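What follows is each chain in one-letter form.
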Amino acid sequence: MASFSSRNRWTCPALNYLNVCHLLLVFFLPALVSSVELTFELPDNAKECFHENIQKGIQTTFEFQVVTGGHYDVDVSIETPTKQVIYKEVKKQYDTFPFVPETTGTYSFCFSNEFSTFSHKLVYMDLQVGDESPLPGVGEHITAMTQLETSAQSIHENLNSVIDYQTHHRLREAQGRKRAEDLNERVQLWSILETLAVFSISVGQFNCERPIPESQCPMLQF
């Protein structure tokens, strides 16, 4: 069993140069988002659960994908604090499940590989709890945002989208690389077996077809 909690947000101290702080936060906030993102190994015949305290009514998004192992599938379930199963999938490769908790408490996110007897799985999961807060100072005043604030907010949102795209592309790259390595191992093994078979056939043919010396041939008596 394992547990995790959302990362703490970093807030910029009160400075006279607030606009400079906005620009700095654009580059540092993508790594400080209140979310959980991890990749872990799930052994065969094993079950792993993660737990998160979630408040009632907060929009939550759960996403997972099997990166490597077997047929790239795993059993997944989500339980509420009252042990009610609100999500359950069997032998699923990837999925995204948004939901709004009806009760406050500890929610369990479980991955099971108990149906597999020898295949280890590498699983990626992402848990987003709540909407990301805007940049400090942006949108806190009644007047319209300045051009610099608008640009900072736009850059921040675009950087978040870039991070999401990079994550999914890296997962696909890792999955494709693993498949290519497995295929390469099978091709190499088959090539070795074919080489041994050809060598054995060649030796056998040589022994069967080489001429027998006359001295070793029996003389026929009439």
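Refer to the preceding data block for the structure.
Computed from a predicted model, the values in this text were never measured in an experiment.

Rules and cut-offs
Residues numbered from 1 in each chain as written. Predicted model: local features only at pLDDT ≥ 70, side-chain atom pairs only at ≥ 80, totals over all residues. Heavy atoms only, no water. Helix = DSSP H or I, 4+ residues; strand = E, 2+ residues; numbered from the N terminus. Buried < 20%, exposed > 50% of the residue type's maximum accessible area, 1.4 Å probe, protein only. Contact = heavy atoms within 4.5 Å. Areas by Shrake-Rupley, 256 points an atom, 1.4 Å probe, with all protein chains shown as cover. Polar contact = N/O pair within 3.5 Å; in protein donor to acceptor, adjacent residues only side chain to side chain. Core = buried A, V, L, I, M, F, W, Y, C linked by side-chain atoms within 4.5 Å. 1 Å grid on protein atoms, 1.4 Å probe; cavity = no way out; pocket = protein on both sides within 12 Å on 5 of 7 lines; lining within 4 Å. Points joined across faces, edges and corners; volume = space filled by probe spheres on them. Nonpolar A, V, L, I, M, F, W, Y, C, P; charged D, E, K, R; others polar. Salt bridge = Lys/Arg side-chain N within 4 Å of Asp/Glu carboxyl O. Pairing = 2+ DSSP bridges. Axes fitted to C-alpha atoms, helices over the stretch in contact; angles between N-to-C directions. Disulfide = S-S within 2.5 Å.

Draft legend 1. Region of the structure containing the overall build of the chain. Helices and strands together make up the secondary structure of the chain, namely two helices and nine strands. Reading the secondary structure of the chain in the N-to-C direction produces β-α-β-β-β-β-β-β-β-β-α. Here the chain, with 222 residues, has 31% of them falling under the buried criterion. Residue pairs in contact within the chain that sit at least 24 positions apart in sequence constitute 77% of those at least 6 positions apart. Just so you have it, the chain exposes about 15,200 Å², and 56% of that area is on carbon and sulfur atoms.

Draft legend 2. How the structure looks around the side chain of Ser-108. In this fold, Ser-108 is placed in strand S8 (residues 105–112). Judged by its relative accessible area of 9%, Ser-108 is buried. Among the polar contacts listed, one links the side chain of Ser-108 to the side chain of His-51, at a separation of 2.9 Å. Other than its neighbours up to four places away in sequence, Ser-108 contacts Phe-50, His-51, Ser-77, Ile-78 and Glu-79.

Draft legend 3. Up close: the nonpolar core. Phe-62, Phe-64, Phe-109, Phe-111 and Met-125 are the most contacted members of the largest nonpolar core, which totals 23 residues. Secondary structure elements with two or more residues in this core: strand S2 (35–42), strand S3 (47–54), strand S4 (60–68), strand S5 (74–79), strand S7 (94–99), S8 and strand S9 (121–129). For this core, the leading source of residues is S9, giving four residues. Here Phe-64 is in contact with Val-74, Val-76, Tyr-87, Lys-92, Gln-93, Tyr-94, Asp-95, Phe-111, Tyr-124 and Met-125, once residues within four sequence places are set aside.

Draft legend 4. Looking closely at unusual backbone geometry. One non-glycine residue, Asn-45, adopts positive backbone phi at about 55°. As for its position among the elements, Asn-45 is in the loop between S2 and S3. You can call Asn-45 partly exposed: its relative accessible area is 46%. Positive phi outside glycine occurs at Lys-91, with the angle close to 50°.

Draft legend 5. Spotlight on the layout of surface pockets. In this structure, the second largest pocket encloses a volume near 210 Å³. In terms of lining residues, the second largest pocket is bounded by Gly-69, Gly-70, Tyr-72, Phe-118, Ser-119, Lys-178, Asp-182, Glu-185 and Arg-186. Counted by class, the lining of the second largest pocket contains two nonpolar, three polar and four charged residues.

Draft legend 6. Representation of the pattern of salt bridges within the structure. A complete count under the given rule lists two salt bridges for this structure. For Glu-181, the salt bridge goes to Arg-177, with nearest N and O atoms at 3.2 Å. Remark: Arg-177 and Glu-181 occur in helix H2 (residues 147–209); sequence separation between them is four residues, near one turn of the helix.

Draft legend 7. Looking closely at the pairing of strand S6 (residues 85–92). Sheet topology places S5 next to S6; five bridges connect them, and they run antiparallel. Counterpart to Val-76 in the pairing with S6 is Glu-89. Linking two consecutive strands that pair antiparallel, namely S5 and S6, is a turn of five residues; a positive phi of about 70° is found at Lys-83 within it.

Draft legend 8. Up close: the sheet that holds S2. Pairing within the open sheet is antiparallel, and its four strands lie in the order S2-S9-S4-S7. Edge positions in the sheet fall to S2 and S7, since each of these pairs with one other strand and no more. Going across the sheet, the axis of each strand differs from the next one's by a mean of 15°, ignoring polarity.

Draft legend 9. Region of interest: the state of the cysteines. Summed over all chains, the structure comprises one disulfide. Sulfur-sulfur distance for the disulfide between Cys-49 and Cys-110 comes to 2.1 Å. Disulfide Cys-49-Cys-110: torsion about the S-S bond near 110°, hence right-handed. One end of the pair, Cys-49, is in strand S3; the other, Cys-110, is in strand S8, and 61 residues separate them in sequence. Overall, Cys-49 belongs to the buried group, its relative accessible area being 4%.

Draft legend 10. Looking closely at the pairing of S4. For S4, the tally of buried residues reaches eight of nine residues, placing the bulk of the element in the interior. Strand direction decides the pairing type here: S4 and S7, joined by six bridges, are antiparallel. Pairing of Phe-62 across the sheet is with Phe-97, part of S7. Note that S4 and S9 share eight bridges and pair antiparallel.

These figures capture arrangement, not role.
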